[in-house]
Every structure is written in structure tokens, then in C-alpha cells.
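# Structure at a glance
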Amino acid sequence: MSEPETSQLSKAYEPSAVESRWYAYWDAHGYFQAEPEPGRASYCLTIPPPNVTGELHIGHALQHAIHDTLLRWRRMSGLNTLCVPGTDHASIGTERLLTLSLKKQGISKMSLGRDGFVKAAWDWTEKYGGTILKQLRLLGCSYDWRRTRFTMDEGYVRAVLTAFLDYYERGWIYRGSRVGEWCPSCNTSLSDLEVDHEEVLSSLWHIRYPIQGGGSVTVATTRPETMLGDTAVAVHPDDPRHKGHLGKTVLLPVMDREIPIIADPILVDPKFGTGAVKVTPAHDPNDFECGQRNNLPRISVIGKDGRMTEAAGRFAGLDRLEARKQVVDELERLGLLEKVEEYTHAVGHCERCHTIVEPLLTDQWYLRMQDLAALATDAIKSGRVRFFPDRYAAEALRSLENVPEWCISRQLFWGHRLPLWHCRQCAAVTPSIDRPAACKACGSSDLYEDPDTLDTWFSSALWPFAVLGWPDNTPEMEAFYPTNCMITDRQIIRLWVLRMVYSGLHFVKEIPFPDVYIHGTVLTREGVRMSKSKGTGGDPVELINKYGGDATRMSLLLMASKGQDIRFAEERVEGSRRFANKLWNASRFVMMNLANTPLPQSLSPDASWPLEDRWILSRLNRVLETVSRALGEYDFDDAAQALYEFVWNEFCDWYVELAKARFGGPEEDAARVRQVLAFVLETSLRTLHPFMPFVTEEIWQSLRTQLGATGNDSLMVQSYPTADPSLSDDEAEERFSRIEEMVRTVRNLRAQGGAQPAQRVQVYVVPIAEDSIPQVEVPSLTAYLAQLARAELTLLPPKQTGGVPSPSVAGATRFAEVHLSLAGLVDVEKETAKLTREIEAISKELSRVTGKLQNSQFLSRAPAEVVDKERAIEQELKTRKHQIEAQLSRLSQTS
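Residues numbered from 1 in each chain as written. Predicted model: local features only at pLDDT ≥ 70, side-chain atom pairs only at ≥ 80, totals over all residues. Heavy atoms only, no water.

## As for the pairing of strand S29 (residues 816-821)
Using the following cut-off: Burial here depends on accessible area, computed with a 1.4 Å probe over protein chains only, as a share of the maximum for the residue type. Under 20% is buried, over 50% is exposed, and the range in between is partly exposed. Where helices and strands are cited, they refer to DSSP runs of H or I of at least four residues and of E of at least two residues respectively, numbered from the N terminus. Strand pairing is assigned whenever DSSP detects at least two bridges linking the two strands.
The buried fraction of S29 amounts to five of the six residues, a majority that puts the element mostly inside the structure. The pairing of strand S26 (residues 761-767) with S29 spans five bridges and is classified as antiparallel. Each residue of the ladder has a partner; that of Val 763, found in S29, is Leu 820. Sheet topology note: the strand S28 (residues 808-812)/S29 ladder contains five bridges and is antiparallel. Considered in S29, the bridge of Ala 812 is made with Glu 817.

## Topic: the pattern of salt bridges
Worth spelling out the cut-off: The term salt bridge refers to a side-chain nitrogen of Lys or Arg lying within 4 Å of a carboxyl oxygen of Asp or Glu.
For the structure on display, the rule yields 59 salt bridges. Two residues, Arg 170 and Asp 166, come together in a salt bridge whose shortest N-O distance is 2.9 Å. Of the charged contacts, one joins Arg 324 and Glu 225 as a salt bridge, the two residues approaching to 2.8 Å between their closest N and O atoms. Pair noted here: Arg 324 is in helix H8 (residues 320-334) and Glu 225 is in the loop between strand S8 (216-221) and strand S9 (232-235), with a separation of 99 residues, a long-range link. Overall, the relative accessible area of 18% leaves Arg 324 in the buried class. Through salt bridges that share partners, Glu 35, Asp 144, Arg 146, Arg 147 and Glu 476 make up one connected network.

## As for unusual backbone geometry
The omega torsion across Trp 470 and Pro 471 is 15 degrees, close enough to zero to call that bond cis. Along the chain, the position of Pro 471 falls in the loop between helix H12 (463-466) and helix H13 (475-480). Across the junction of Tyr 481 and Pro 482, the peptide omega takes the value 0 degrees, indicating a cis bond. Structurally, the position occupied by Pro 482 is in the loop between H13 and strand S22 (485-489). Even without a glycine there, the phi angle at Asn 402 is positive, about 50 degrees. Along the chain, Asn 402 turns up in the loop between helix H10 (391-400) and strand S16 (406-407). Accessibility expressed as a relative area gives 78% for Asn 402, which makes it exposed. Non-glycine residue Tyr 634 carries a positive phi angle of around 65 degrees. Among the secondary structure elements, Tyr 634 is positioned in the loop between helix H18 (611-632) and helix H19 (636-660). By relative accessible area, Tyr 634 is classed as buried at 5%.

## With respect to the nonpolar core
Operational definition: The definition of a nonpolar core used throughout is a set of buried Ala, Val, Leu, Ile, Met, Phe, Trp, Tyr and Cys residues joined through side-chain atoms within 4.5 Å. Every residue pair with non-hydrogen atoms within 4.5 Å of one another is taken to be in contact.
Counting 133 residues, the largest nonpolar core has Phe 651 and Phe 691 as the members making the most contacts within it. For this core, the element with the highest residue contribution is H19, accounting for 13 residues. When near neighbours in sequence (up to four residues on either side) are disregarded, Phe 691 contacts Thr 69, Arg 553, Met 554, Leu 557, Val 627, Leu 631, Phe 636, Ala 639, Ala 640, Leu 643 and Tyr 720. Formed by 63 residues, the second largest nonpolar core is a distinct cluster that contains Leu 454, Val 497, Tyr 502 and Ile 511.

Everything listed is a geometric property; what it means functionally is a separate question.
This is the structure:
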């Protein structure tokens with residue numbers, strides 16, 4: 001592909017006309033691609049693989065703006081830079097979406113059978129998968145798309161099965177029966193990390209269990225339907241209320257089954273409630289452990305479909321929630337329902353389909369965690385794996401303490417099959433990636449593959465090295481592993497980050513990455529988590545179409561405070577679009593005035609150079625220091641803000657404005673200012689490129705063409721600017737800051753005094769001390785005020801304000817009082833009348849609001865947000881009234 005035409009910038013910047021063609025150019029020229037180069041320092045990122053059928057949301061946009069900023073920075077810094085993109089097969093989510101789609105066609109999952117469903121899943125993935133990767137191109141992500149991986153591609157599957165067999169042969173994977181989370185809708189086991197706990201207003205039912213021989217014991221439950229599977233009532237052995245009950249039995253209500261009263265100091269807290277707890281070992285994990293300790297039977301009364309089983313007696317076949325209602329009705333009829341209380345508690349919901357999960361006793365495959373957790377713990381404690389912000393290290397370590405054994409099996413068709421082959425003759429298990437010829441125990445060929453699939457997180461735990469070719473020792477593994485940083489969300493530290501850490505240490509004997517950057521969660525303006533399904537989720541593709549990819553990513557980077565959640569507002573994107581326009585317009589002006597100026601590779605200012613030249617070069621150097629430090633410490637908002645303020649305020653608003661007057665002056669001075677403009681603009685474009693790649697590339701290409709450069713080079717492969725100590729000039733920065741302060745003060749006074757933009761004003765400056773404005777600075781101060789504030793300067797002796805004419809408005813800087821004469825600017829009488837009317841109107845409204853806030857009924861009945869709004873209005877009115885009164889006071893001054 002030839003280089004896009006950019007010899008002259010158009011009058012207006014249109015992102016849609018720029019972004020797609022530059023992305024195609026970069027991609028076609030292989031700028032995103034990286035190959036192993038022995039001996040060359042590398043930088044590698046692997047993106048958190050989104051669901052294969054997912055679409056871009058604001059959280060993704062933030063995450064990938066961060067990824068690409070780091071990549072472009074490191075690439076321009078000379079490192080061999082690689083980013084491996086990819087997607088996750090997302091077993092539960094994809095299977096659920098496909099099942100719903102088939103259902104609309106009148107096809108059931110089970111009617112297709114496993115092979116038919118898996119084929120349909122591949123067809124579905126090919127049709128709908130990869131959308132999000134295409135959308136990432138709109139953001140400008142410079143990923144090596146040739147290396148795109150999918151957790152179900154052939155090489156990745158081999159890595160997953162290799163890892164499973166390693167664990168299995170060590171004896172770390174075993175089959176066990178225990179209570180775990182089950183989704184009746186997705187029909188699979190879940191880990192506790194795949195369950196969202198939501199506060200639900202429900203009831204707490206207090207039920208009397210009759211004691212054989214007389215009396216009763218009361219238990220409380222939020223799930224009365226599970227009492228049908230109770231096998232004991234537990235009390236604390238030291239609870240005096242139940243000393244006489246130990247060894248007795250109760251008659252289980254409704255079921256009329258005798259169950260024992262047992263002592264269990266672990267399960268029962270004697271300070272809570274009645275001190276008696278129903279024990280249902282098949283339907284509660286804590287009860288399961290109690291059952292293990294006390295050798296209790298396990299009775300499953302709820303099935304995998306969420307309906308009551310045959311063990312539930314006459315309630316068999318009922319949905320669990322309908323059974324709850326009928327059990328409560330029966331308890332009431334029997335007179336055993338002591339009381340019912342409203343009760344708010346956390347109820348587990350499947351994070352994918354939002355069905356209430358059910359703790360069920362099932363047979364699953366588990367991975368022992370003790371040795372693996374120790375690997376991750378040591379890596380974090382030793383500092384080999386660091387978290388940014390570092391508070392997440394403590395959170396990670398807490399989650400590694402007493403980590404439960406990992407349920408790695410799922411009852412799904414779509415996913416990685418367990419490489420275990422069961423013998424129908426002797427029931428032995430033969431581990432093998434490929435189908436074995438015979439059972440390892442008896443030699444029979446009558447084998448079948450284990451029906452379960454692996455938890456998606458099991459496969460994604462291998463991501464940083466599996467995408468580079470592991471288990472083979474590939475050149476990519478040699479060159480790019482360990483990777484450099486994992487950028488992700490705090491919600492998956494336990495689910496994914498720690499699992500990658502110990503997987504890398506176990507299989508490759510190296511950490512997968514030294515740094516973990518945890519970015520904030522993007523919230524709505526009101527602070528609510530974004531959700532497309534609830535209508536509170538912004539669509540980054542719409543933002544890109546409206547404002548451009550540069551503006552979208554820059555706005556997110558400006559808000560990317562380390563680890564802090566982001567309250568997103570679309571006007572921030574609009575603000576970044578205005579920033580792009582500002583840069584564009586300033587660049588057009590500079591290039592129209594460069595003539596044949598060659599681009600200087602460096603500049604060496606000295607004391608003879610004009611103050612603004614030395615100032616802008618020193619400020620540029622300061623920004624380079626700030627940006628490099630901030631990017632190195634993952635302070636993206638600090639880096640973006642420093643660039644934003646430098647380009648918009650210091651370069652565009654100050655230096656470019658000052659440069660305009662010098663083009664018509666002496667040729668030596670005009671040539672110098674052209675050199676400085678070209679140098680600062682080109683350096684700024686290179687510095688800003690990782691943040692806003694499209695607009696900077698377009699401007700840079702136009703600039704280099706104008707300056708006579710040829711060839712097909714891209715800005716993205718130029719060297720990243722580094723700070724040059726010779727450009728630092730503290731004295732110039734201090735002197736110019738005083739001028740900035742003076743100009744801003746005069747501009748504010750112009751606004752207060754009502755001066756028209758083109759109107760020249762008279763300013764009287766009274767220094768606070770003899771040396772606060774050195775005489776040598778007066779000529780430059782006079783010139784700057786004339787050019788930038790349209791003000792004529794009169795310098796009075798220190799502390800002598802008698803020479804200031806009246807009326808005037810006054811302001812103060814660190815080193816002087818500043819008075820702006822109002823003579824000829826305003827009609828004092830007319831302005832006084834206008835301001836008086838404003839005060840009367842404000843006073844009337846203030847009286848109304850104050851009265852409302854002094855009304856006790858309003859304060860007690862109105863919602864808190866309404867009261868807060870009225871208080872804010874009151875404060876705003878008071879502030880405005882004070883400001884107008886101050887204006888009136890200034891107008892009334894006579895001398």
C-alpha cells in the first residue's frame with residue numbers, strides 16, 4: 001500500500017478521513033509485527049482474551065487504550081515489541097447463547113448430541129466470533145494480528161491437555177463428591193468465583209422440630225425446601241440451652257423422619273439465634289463439612305434441573321421455589337411455623353445467565369492447590385510479581401491463604417475435553433491426549449472419553465506462555481517470555497491473574513510477567529457499573545464514529561487514575577476531540593509559516609535567545625521527563641494530562657501566539673522561531689503518538705513532507721523523545737511564569753471590566769517590593785502584555801496605589817498589584833443599575849431557597865438528593881451575590 005496523501009493538512013480535522021487509511025497503512029507495512037531477534041531487548045504483552053462472541057464495551061476500550069499506549073511507547077523506544085491478541089472460547093457463555101439461539105429454531109441441545117452441538121458451536125464461533133478483535137482496530141491497537149490465538153485452536157488445546165496430564169500424573173487432580181455451586185439453567189458446576197452475590201429481600205422462617213419424648217427445638221432457614229434433606233440438627237456442646245438435648249432425636253417436620261441432635265462447635269455459633277442449626281449435607285457446603293465430621297448421610301432433594309427429586313417425597317417434580325411455598329404452607333398447617341421475618345441476605349446468581357445457583361452434591365474433578373498457591377505467594381512476597389497499585393498485592397495474598405481446591409470440571413459440550421479414558425470393563429482410567437489403544441489396567445479396548453469439559457479459567461491460566469508456543473520451546477518463548485505486564489480488571493485477580501502466576505512458575509519455571517496493572521472499572525456518571533442490558537453501558541464504537549478513535553482513547557487515558565474507578569461522561573470524549581482540533585489548527589499555522597526551514601535534530605539555547613524560546617524548550621523537556629516517568633509507573637492519567645496541558649496551553653495558547661509577531665521581524669529572529677516551532681511540534685507529535693496515534697501520524701507525515709523528507713517511514717517507528725538536560729532552564733521558566741501570571745490576571749480584569757476583545761486597556765502595576773519586578777524585565781513585560789492582553793503598562797513605585805485612576809478593577813499576583821482602569825470601558829451609572837437589578841433578583845431567589853431549607857417538614861420528607869440540590873443552589877446564589885457586590889464596590893470607588 002502506498003503512503004496516504006498528506007502533503008498539506010485540510011482546513012478542518014476529520015477523524016473518519018484519517019483513521020482508517022492510516023491503520024490500513026500500518027498494518028500493510030507490517031509495523032505491528034515482531035519476530036524473535038536473539039540479543040535484542042524485547043517487550044511483550046498478551047491481551048486478556050475476551051469472549052469469542054463478545055463485543056467492545058467501555059471497559060475494553062480503556063483496557064486496550066492502555067495496552068496500545070504502552071506498546072507504541074516501547075516500540076518507539078527501540079524494543080522488539082510484540083502484542084499477541086486472541087479470544088477465549090468461554091464455554092458457559094457461548095454454550096448458553098448457542099442453546100438459546102437453537103431453541104428459537106425449535107432445536108434442543110440434547111437432540112443434537114455432543115458432536116452435533118460442538119459442530120454448531122464452531123459454526124457459531126466462525127459466524128459471530130472475533131467481532132471484538134475487529135473493533136479493536138478502530139482504537140488503533142497495534143497488535144500482531146498474524147499471531148491471533150483462540151483457546152480452542154489446535155496448538156492451544158495441546159497445551160491445555162499437556163498441563164492437565166502433568167497435574168494428573170502428580171496426583172494433584174482427583175475425582176471427589178462434595179457440595180459446590182450449580183447453575184440449573186446452564187446445567188453445569190461453577191466455581192465460587194463465577195457466582196455473583198446479590199442482596200435480596202426474602203424471609204427467614206423459624207421452624208419447630210419436635211423432640212422425641214417431648215419439647216421442641218427451633219431452627220431458622222432461608223431455604224425451607226432444603227429441610228426435606230436434613231439429616232441432623234446441630235447445637236454447640238457448651239450451650240446450656242441444649243445440654244439436655246444431645247443424644248436425642250427430632251422428628252423432621254413434613255417428612256416424619258427421625259434425625260439426631262448432634263454437637264458441632266465448628267458449625268454452630270451459640271450467640272446467634274436459637275443456637276440450633278439444621279444440617280443438610282447435600283445442599284450446603286458448611287453442612288457438608290459438618291456431615292463429614294459427624295458421619296451423617298447425604299440426601300439430595302433438589303436435582304440438577306432445579307426441581308425436587310424423588311427423595312423429596314410428595315414434592316418430587318416441583319420447581320424448588322414452588323416447593324418452598326408448599327413446604328411453608330404445610331408447616332403452617334402443622335402448626336410448626338413459629339414465625340416469619342423479613343430478611344435481606346446475599347443470594348448467589350450465575351454471573352452469565354443470572355439464575356439463582358443451587359449448592360448441590362455432585363461428583364467433580366478437583367485440582368489440589370496447596371503447592372501451586374505457595375508458588376504464587378512466594379512470587380508476590382519476594383517482589384518478583386508487583387501490583388500497580390500495590391494495595392492489590394495484599395488482596396492477592398489474602399486470596400491465596402487457605403485457597404479451596406479448584407473444581408475444574410464442567411458439564412458442558414463446548415470446551416476442552418478431559419484427556420481421561422474410562423474402561424467399561426474394569427472402570428480404570430487411562431490418561432492420554434489421544435485415544436489410547438487399550439486400557440492401561442486390563443488391556444480392554446472398550447473405552448470412552450470422560451464426558452466433562454474443563455473450566456474455561458483452567459485453559460486461560462496458561463495464556464501468557466501457551467500463546468507463544470508452549471509446551472514446545474519455540475523461538476517466541478525464548479524471545480518474549482516472560483511477558484512484561486498484565487493489564488486487567490480487579491475482579492479477576494483470583495480468577496485469572498494468580499492462576500497465570502502459579503501456572504507459569506510451575507510449567508515454565510518463570511513468572512509470566514513481573515508487573516500487574518489493575519485498571520479501574522468504568523462507571524456511569526452516577527457511579528453505577530455500566531451494563532448494556534440495563535441501558536447504562538456506553539458503546540465505544542459509537543463514540544469512535546462520532547468523535548474518533550484518538551479522542552475516545554485519550555479521554556479514557558486522561559481518566560485512568562491508577563486503580564480508581566472512572567465515572568465516564570461523554571463530554572470528556574468531546575473535550576479530547578477539541579484537543580485534537582487544537583493541535584491540528586496550531587500545526588496548520590506552524591506549517592504555513594515554516595517556509596524552507598530544515599527540521600533541527602537538536603537545539604542549544606543560550607542566554608541570548610528570547611525568553612519564550614528558552615521557556616518553551618525547557619517546558620518541553622519537563623514534559624518529556626514527566627511522561628517517561630509516568631508511563632514507567634503506569635500513571636497514564638498523569639502522562640496524558642501533562643501532554644494535554646503542554647500542547648494546548650503552553651505550546652498552542654502561549655508560544656504559537658507569541659511566535660506570530662516574530663515572523664515579520666528581523667530574519668535571524670524569524671528563522672530562529674521557525675526552528676523552535678518545528679522542533680517543538682515534531683517532538684510533541686512523537687511524544688503524543690502513543691496516546692493519539694492517528695492525528696499525530698497525519699500531522700507528522702505532512703510536516704516531514706513539507707520539510708523535504710522522503711520514504712515510507714511511519715511516525716510509529718520513529719524514536720521516542722527523551723529528556724535533554726541542556727534544554728532545562730529554571731530561570732526562564734520562573735521568569736515566564738511571572739509573565740503568564742500577569743497576563744492571566746489582566747485578562748481576568750478585562751472580563752470583569754467588560755472590555756471588548758479588540759479594545760485596548762490601560763493597566764497600572766504596583767510591585768509589592770523594590771526588586772519584585774526587575775527593571776530589566778519591564779520591556780519584555782510591556783511587550784507581552786501588549787501582544788497577549790492588549791494592555792498598555794504603566795509601572796508605579798512599590799506600594800503606591802495613589803497613581804491608579806478611578807474607577808478601576810484590581811487583582812493580585814505573587815509580586816504585584818494589578819489595576820485596570822475602567823475609564824472609557826463601561827458606563828458606570830448604567831453598569832451599577834444593571835448589577836443592582838441582578839442583586840435584587842438573586843436576593844429574591846435566595847430568600848425562597850433559604851426558607852425552604854429552614855422548613856423542618858421539607859427537610860424530613862424530601863429525598864436526600866433533593867435537599868442536597870437545594871443546598872447547592874443556596875451556596876451558588878450566595879457566591880454570585882458576593883461577586884456582584886464586590887463589582888459594585890469597585891465601581892463605586894472614587895479614589
